[in-house]
Amino acid sequence: MALEEAEKLEQEVLKIRTKAFGSSHPDTVEAMSNLALTFLKAGKLEKAEKLEQEVLKIRTEAFGSSDPDTLQAMSNLAGTFRKAAKLEKAEKLEQEVFKIRTEAFGSSHPDTLQAMSNLAGTFRKAGKLEEAEKLEQEVLKIRTEAFGSSDPDTVEAMSNLGVTFLKAGKLEEAEKLEQGVLKIRTKAFGSSHPDTLQAVSNLAVTFYKARKLEKAEKLGQEVLKIRTEAFGSSHPDTLQAMSNLAVTFRRAGKLEKAEKLEQEVLKIRTEAFGSSHPDTVEAMSNLAVTLWQAGKLEEVEKLFRKGRMLEEAEKLQQEVLKVRTEAFGSSPPDAIQLLLQSSDCSE
């Protein structure tokens, strides 16, 4: 069922149950939670967060903070916080869920392992890679012993650890895990399944980092094509695929292709999240680097003027310099000077 159709039906169910039972009835709260999950999948993070806050409030008041339904609501809200880059809030909730589930079920229970995995994902996104790797190694060890190496939960743990290895620059370890994940998922689900596509995407990024650009581009094209057909061009997963492919194009010197994709990503993210959201800032910094490499220095300056308020210019400047340095080494003086001048521009 398409997300729009699911959303419409769930809105109707919520309306009927609220009218029949009231907003605090378990069936109404379940409908609220289901709708929030659909909002999350559709990238409607503000709407998802609002509903999940309400679900958590009602369940906490009704059952207490240690009830399984309350903990699930807490975990769902933390996941939305993570998607929205509200990492401190996500980490706080996930630490609480992890603590309660460990005390209640022990460290090897599936619910505890899921809480551990979620917390590791937030650590990873926040750049706390040692903490993330430690938790993910533990999750993978327990799941492999309990379920075997081909179980979906074990493969998910393998994938998560591969991403952390990638972010930590452990490329050989990352590629080895990701090749294994891709092989298992392709056999189990086929090449178009979302989990298989995520494995393809992760491997493409690893190829990019290892300078295997032809392999990275081929995989990146495949992911973007399938995600666009499945979700549309504005979905967060499609935009991430678009952004990843653009960066690969840039490193391969295909600057026109990179610029076209990055302009599209920036436009959609600005409209969806505003100019100050971390994903929008990332899109802007990626485009600025591509423009700079193409020698379009005036357009880089216009990008700063158009996209950011004066008080945000320094933050964006640092983002651009970071991306520029990671991609090509230390920035030459004229680029740095341009960025410094940009931060002094008025509207």
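Quick note: structure is the one above.
First things first, this report covers the structure right here in the doc.

A closer look at the layout of surface pockets
- Within this model, the second largest pocket holds a volume of roughly 550 Å³.
- Lining the second largest pocket we find 22 residues, and of these Ala42, Gly43, Lys44, Leu45 and Ser234 sit closest to its centre.
- For the lining of the second largest pocket, the secondary-structure elements that each account for two or more residues are α1 (3-21), α3 (45-63), α11 (213-231) and α13 (255-273).
- Residues that form the lining of the second largest pocket fall into these classes: 9 nonpolar, 6 polar and 7 charged.

Here we look at the packing of helix α5 (residues 87-105) against helix α6 (residues 110-125)
- Close contact between α5 and α6 brings their axes to 9 Å; oriented N to C, the two are set at 155 degrees. With respect to α6, the axis of α5 lies roughly antiparallel. Regarding α5 and α6, the two cross each other, and that crossing is left-handed. Of the residues in α6, those touching α5 at Leu87, Ala90, Glu91, Glu94, Gln95, Val97, Phe98, Arg101, Thr102 and Phe105 are Asp111, Thr112, Ala115, Met116, Asn118, Leu119, Thr122, Phe123 and Lys125.

Let's talk about the packing of aromatic side chains
- One pass over the structure, following the stated rule, counts 0 aromatic pairs.
- Sitting over the ring of tyrosine 208, arginine 251 keeps its end group 4.3 Å from the ring centre.

The rules behind these values
Residues numbered from 1 in each chain as written. Predicted model: local features only at pLDDT ≥ 70, side-chain atom pairs only at ≥ 80, totals over all residues. Heavy atoms only, no water. 1 Å grid on protein atoms, 1.4 Å probe; cavity = no way out; pocket = protein on both sides within 12 Å on 5 of 7 lines; lining within 4 Å. Points joined across faces, edges and corners; volume = space filled by probe spheres on them. Helix = DSSP H or I, 4+ residues; strand = E, 2+ residues; numbered from the N terminus. Nonpolar A, V, L, I, M, F, W, Y, C, P; charged D, E, K, R; others polar. Axes fitted to C-alpha atoms, helices over the stretch in contact; angles between N-to-C directions. Parallel < 35°, antiparallel > 145°, perpendicular 65-115°, else oblique. Left-handed = near helix turned anticlockwise from the far one by under 90°. Contact = heavy atoms within 4.5 Å. Phe/Tyr/Trp six-rings, centres within 6.5 Å; stacked < 30°, edge-to-face > 60°. Lys NZ or Arg CZ within 6 Å of the ring centre and 35° of its normal.

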